[in-house]
Amino acid sequence: MTIAPERPALRPPAGQAPAPGPERRRATGTLRASDVYAVLGAAAAALALTWLLFARLLPFSGAVGFVLVAYALFLGLYALLVSFDEDGPAVRDRIAGVVVRTLGLVLLAVLVFVVAFTLWEGREALVHLNFFTEDMSLAGPLEPLDVGGILHAVVGTLEQVGIALALTVPAGIVCAVFLTEVPGPFARLVRTVVEAMTALPSIVAGLFVYATVILSLGMERSGLAASLALSVMMLPIIIRAADVVIRLVPGTLREASYAMGSSRWRTVWHVVLPTARSGLTTAVILGTARGVGETSPVLLTAGFTAELNALPTSGAQVSLPLATFELVKSPEPNMIARGFGTAAVLMLLVLLLFVLARIVGGRGPGQLTKRQERRRSAPVPPRSTP
Amino acid sequence: MTTETTEFLAPPPDTPRRLHADPGLPDRVFRTVARTGGGLVLAVMLLVGGFLLHRAWQALDRAGPSFLTTESWEPDAGRFGIAAVLLGTVLIALVAITVAVPLATGAALYISEYAPPRLRRTLISTVDLMAAVPSVVYGLWGVFWLEESILPIARWIATYLGWIPFLRVDGADPDDPLAPPTVYTSSTFVAGLVVAMMVAPIICSIMREVFSQAPAGEREGAHALGATRWGMIRSVVLPFGKGGMIGGTMLGLGRALGETIAVYMVISQVFTLQWHVLQTGTSSVSSLIALRYGEATPFGMSALMAAGFALFVMTLIVNFAASSIVARSRSGAASDA
């Protein structure tokens, strides 16, 4: 995250007390030794008791039951230990703390595991350089991993998402500007319809393009059809995110611009859009991340091929998620390894987009990047336009 | 005469003046362009919805009300309906929400209230990133890892809780340790768990956003009155975030209803009413479309459109309910969920 350097003008002069900042939460809660002992003691007692139950007393067995019983016993014993020194509300507080921490850690652990599992299973395919430079036209199901790759899917994804972005970004941003800057009953109608369309399931978007473009207009299944399907899906997402960002632009900035006598489009062009730029970029990048990973619209509209097809307008063209989906259908371990490798590449692409969005969008509206600050402090060049 | 005088003397009633400011040519062009852009987007969106309804009408007209009650899907033989697929879709989404909401609530509370401040940013980024992971990745995990690993748990639930009607598994013999586990695979339960992992980060990220907006003054007030941390959460954070929690849950439900690929990879499609969530075989609207679009005749296509339209209407209702709940809640004023 970029931290904008403090501007000298904002620093209080020496000798004066600094102005009170915005209200900030104080860190509460302290850890005492007896708390730690209670947790450790309850854990040890629960493990021992569960072992006793499972191995000696009751006819229980199985790892699942062991974990569940041990956890329940741990909660009970911990409550007992805490209740020796504390009153009721404090005991409830400790138990709630344990439960919340467990739920949080379980969710985070499972999510990290999902990603790590894919990367780990894909490692065999990813170490071969040909995986990134060849297509699958020469690689049969039984070929070893040093033949064939997913170049065709990478090219397909880049082209399809590129076309979809070329269609949706201008339309989306113009529409978002319309929603906020030209308000009225018509804008409200458009906003409602756009909000409704964010609920469109992606497979239905694919089905729509399949029925219109491919069945009715007679176009063959191609990358272009796939990018149309992706556009139908991404357009409402981008409009909604961009609308939220543009509404965050402070009204005072707009009013200042009007007070200086500038017209509406000049205000939009020189005040609103530059202020919202980082947020708009984030909106577009996050929409792209959704589009890159969508399988179902592409499944219906792009067809499937094992060959490199750089021409989006004719012939089947495969993308990364679709290639993953088709590869893991095979029973051959090598094809499954390739499928996991493809999924890993796809995930790295999403990660890249996400990091990009964080770097660009980490600032609020109006905060400047280092480059913008430098440009602002430089002498203003004479403008040719009045 | 008198009337004339009073008419002359009475000032005309006050009416607001109409201000006519000529916006100038560039501004008029800007407005036209913006309005055209908005209109274009509106036209595209209405075209999608209208076309779906138009194509679906043919099938809906033929099937009539039996479209909602028929289980099988044989459009060319005239017997088709969404009873089975709709039930499967709803059950998968319900299993997903039942699992995802407690996990997401716990994780959101942990991140906003319990996690050490230094760790918080990392955790927030992790959850947000997980919300962007493609569904095919979750599908891979479900097929190649979860399906085998969940078998003991499914068997355990079916054995000890099988007396609850919807948890029963026909054909399973809990007393026979060598019984084939295939009755538990590809079930609604497994598909629901995969979808739960997919929607949990989305729900968690909305809830965390709402929890973190709970006013610091009220938090400190609760602490000052002697509340413990959990007491403060129960009396300040949860009531403040209630609207966001419900809204986030419903948004997750909307995603779970429309999910295609992860479900399609896990389940094996059957066209009967399958109430037993642990039993193998289930169905969903979106995987029906993915399964049958290729060999569909023009009428079959129309029937698929009708199924897709029904799904769209369902997610639409859920989403609108979610956004109205969020907008009316106290915490919804500043949240964009």
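Residues numbered from 1 in each chain as written. Chains lettered and ligands numbered in written order. Predicted model: local features only at pLDDT ≥ 70, side-chain atom pairs only at ≥ 80, totals over all residues.

## Overview of the overall build of chain B
Then comes step 1: Regarding its fold elements, chain B presents twelve helices and two strands.
Then comes step 2: Starting at the N terminus and walking to the C terminus, you meet the elements of chain B as α-α-β-β-α-α-α-α-α-α-α-α-α-α.
Then comes step 3: Against the globule reference of 20 Å for 337 residues, chain B gives a C-alpha radius of gyration of 28 Å, more extended than a compact globule.
Then comes step 4: Seen through its C-alpha atoms, chain B measures out along the principal axes to roughly 110 × 65 × 45 Å.
Then comes step 5: Counting across all 337 residues of chain B, residues that qualify as buried make up 49%.
Then comes step 6: Expressed as a percentage of contacts within chain B between residues at least 6 apart in sequence, the contacts between residues at least 24 apart total 78%. (Helix = DSSP H or I, 4+ residues; strand = E, 2+ residues; numbered from the N terminus. Rg over C-alpha atoms; globule rule 2.2 N^0.38 Å. Buried ≥ 20, exposed ≤ 12 C-beta atoms within 10 Å, placed from the backbone. Contact = placed C-beta atoms within 7 Å.)

## Looking at the overall build of chain A
Then comes step 1: A count of helices and strands for chain A gives 16 helices and zero strands.
Then comes step 2: The buried share among the 386 residues of chain A stands at 41%.
Then comes step 3: Within chain A, contacts between residues separated by at least 24 positions form 70% of all contacts whose residues are at least 6 apart in sequence.

## Side note on helix 5 (residues 135-149) of chain B
All names here are of chain B.
Then comes step 1: Across its 15 residues, helix 5 extends 20 Å between first and last C-alpha, which sits within 8% of the 21 Å expected from 1.5 Å per residue.
Then comes step 2: If you look at helix 5, its biggest bend is around 45°, right at G142.
Then comes step 3: Of the residues making up helix 5, those classed as buried are S135, V136, V137, Y138, G139, L140, W141, G142, L146 and E147. (Expected span 1.5 Å × (residues − 1). Bend = angle between axes of the 7 residues up to and from the residue.)

## Comments concerning the environment of L57(A)
Residue and element names in this part refer to chain A.
Then comes step 1: Within the element layout of this structure, L57 appears in helix 1 (residues 33-57).
Then comes step 2: Judged by the 9 C-beta atoms lying within 10 Å of it, L57 falls in the exposed class.
Then comes step 3: In this structure the C-alpha to C-alpha distance between L57 and L189, which are 132 residues apart in sequence, comes to 68 Å.

## Let's talk about the environment of I246(B)
Then comes step 1: By the element assignment, I246(B) lies in helix 9 (residues 229-258).
Then comes step 2: Taking the C-alpha atoms as reference, I246(B) lies 9.7 Å from S323(B); in sequence the two are 77 residues apart.

## Thoughts on the domain arrangement of chain A
Interfaces are often sized by the amount of accessible area the parts lose when they come together.
Residue and element names in this part refer to chain A.
Then comes step 1: Domains assigned within chain A are domain 1 (34-121) and domain 2 (151-366).
Then comes step 2: Across the contact, four residues belong to domain 1 and four residues belong to domain 2.
Then comes step 3: Of the residues contributing to the side of domain 1 that touches domain 2, the split by class is two nonpolar, one polar and one charged. (Domains from an automatic or database assignment. Nonpolar A, V, L, I, M, F, W, Y, C, P; charged D, E, K, R; others polar.)

## Quick word on the nonpolar core
Then comes step 1: Within the largest apolar cluster, 197 residues are counted, with the highest numbers of intra-cluster contacts made by L207(A), A104(B), V194(B) and V195(B).
Then comes step 2: Both domains that furnish three or more residues to this core are identified here as domain 1 (34-121) and domain 2 (151-366) of chain A.
Then comes step 3: With residues up to four places along the chain from it excluded, the contact list for V194(B) reads Y138(B), G139(B), G142(B), L146(B), A262(B) and V266(B).
Then comes step 4: Counting eight residues, the second largest nonpolar core, distinct from the first, contains A38(A), A42(A), V82(A) and V91(A). (Core = buried A, V, L, I, M, F, W, Y, C linked by C-beta atoms within 7 Å.)

## Some details on the environment of E332(A)
Then comes step 1: Residue position: E332(A) is located in the loop between helix 14 (320-327) and helix 15 (333-361).
Then comes step 2: Considering only alpha carbons, one finds E332(A) and E121(A), 211 residues apart in sequence, at a separation of 14 Å.

## Observations concerning the interface of chain A and chain B
Then comes step 1: At the junction of the two partners, chain A supplies 81 residues and chain B supplies 78 residues.
Then comes step 2: For the side of chain A that touches chain B, the residue count by class is 56 nonpolar, 15 polar and ten charged.

## Points about the packing of helix 2 (residues 25-63) of chain B against helix 12 (residues 298-328) of chain B
Helix packing for two helices is described by the angle between their axes and how far apart those axes are.
Residues and elements named next belong to chain B.
Then comes step 1: Put simply, helix 2 and helix 12 touch, their axes get as near as 7 Å, and they point 115° apart. Helix 12 is crossed by helix 2, and the crossing has left-handed handedness. Contacts between helix 2 and helix 12 pair L52, L53, R55, A56, Q58, A59 and L60 from the former with F299, S302, A303, M305, A306, G308, F309 and F312 from the latter.
Then comes step 2: Partitioning the contact of helix 2 with helix 12 into residue classes produces eleven nonpolar, three polar and one charged. (Axes fitted to C-alpha atoms, helices over the stretch in contact; angles between N-to-C directions. Left-handed = near helix turned anticlockwise from the far one by under 90°.)

## Notes on the packing of helix 3 (residues 88-121) of chain A against helix 7 (residues 188-212) of chain B
Then comes step 1: As a packed pair, helix 3 of chain A and helix 7 of chain B sit with axes 11 Å apart at the nearest point and diverge in direction by 125°. Taken as axis vectors, helix 3 of chain A and helix 7 of chain B run oblique relative to one another. The two elements helix 3 of chain A and helix 7 of chain B meet at a crossing, and its hand is left-handed. Contacts between helix 3 of chain A and helix 7 of chain B involve L107(A), V110(A), L111(A) and V114(A) from the former and M197(B), A200(B), P201(B) and C204(B) from the latter.
Then comes step 2: Looking at the contact of helix 3 of chain A with helix 7 of chain B, its residues break down into eight nonpolar, no polar and no charged. (Parallel < 35°, antiparallel > 145°, perpendicular 65-115°, else oblique.)

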